[in-house]
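If you want the building blocks of each chain, they are given just below.
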Amino acid sequence: MAFEEEMTCCEKTILSELQGAWGLLRDAVAESQDFPEGRRALFQIDEAMSWEIVRDLRRMPPFLLVIRNICTMGDAPQEVMDYIRYVDEILTEVLEEYPQ
């Protein structure tokens, strides 16, 4: 009887890519010294990445919208806005792949 071998490398999934994108966005906001609304945005980012939201991915887009609004109205640096677009692109793909 032949045994299947355990995989030797990890396969990157779209969900891990989404997690990574949120992490990049969070880091960019945290490092933005001249962004006065950064604390509000960080609170919303942390909430969007919470276990309760990740378990029900349909709840994530409204958080992203709030974050986008805070960052737009607070004149966030371009890098932050770019990461918001990146999260949005991956989130759209995730919701298409995992409809709930």
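Heads up: the structure comes first, above all this text.
These figures come from a predicted structure and were not determined experimentally.

J.: A description of the nonpolar core should follow, citing residues and the corresponding values.
T.: Of all hydrophobic cores here, the largest spans 28 residues; its most connected members are L18, W22, L25, V29, C71, V80 and I84. Mapped onto this core, the elements with two or more residues apiece are α1 (14-31), α2 (38-48), α4 (60-73) and α5 (78-97). When near neighbours in sequence (up to four residues on either side) are disregarded, L18 contacts M60, V87, I90, L91 and V94.

J.: Can you explain the side chain of Q44? Please cite residues and give values.
T.: Assignment of secondary structure puts Q44 in helix α2. Assessed through its relative accessible area of 17%, Q44 is described here as buried.

J.: Hey, could you go over the environment of I90 for me, with residue numbers and the actual values?
T.: Along the chain, I90 turns up in helix α5. The buried category is assigned to I90, whose relative accessible area is 3%. Separated by 75 residues in the primary sequence, I90 and L15 place their C-alpha atoms 8.7 Å from one another. Sequence-distant contacts of I90, defined by excluding residues within four places in its chain, comprise I14, E17, L18 and A21.

J.: So what's going on with the environment of E97? Which residues, and what values?
T.: In this structure, E97 sits in helix α5. Remark: the alpha-carbon pair of E97 and L15, spanning 82 residues in sequence, is separated by 10.0 Å.

J.: I'd like a description of unusual backbone geometry, backed by residues and values.
T.: For D75, which is not a glycine, the phi torsion comes out positive at approximately 55°. Assignment of secondary structure puts D75 in the loop between α4 and α5. A relative accessible area of 65% places D75 in the exposed class.

Calculation criteria
- Residues numbered from 1 in each chain as written.
- Predicted model: local features only at pLDDT ≥ 70, side-chain atom pairs only at ≥ 80, totals over all residues.
- Heavy atoms only, no water.
- Core = buried A, V, L, I, M, F, W, Y, C linked by side-chain atoms within 4.5 Å.
- Buried < 20%, exposed > 50% of the residue type's maximum accessible area, 1.4 Å probe, protein only.
- Helix = DSSP H or I, 4+ residues; strand = E, 2+ residues; numbered from the N terminus.
- Contact = heavy atoms within 4.5 Å.

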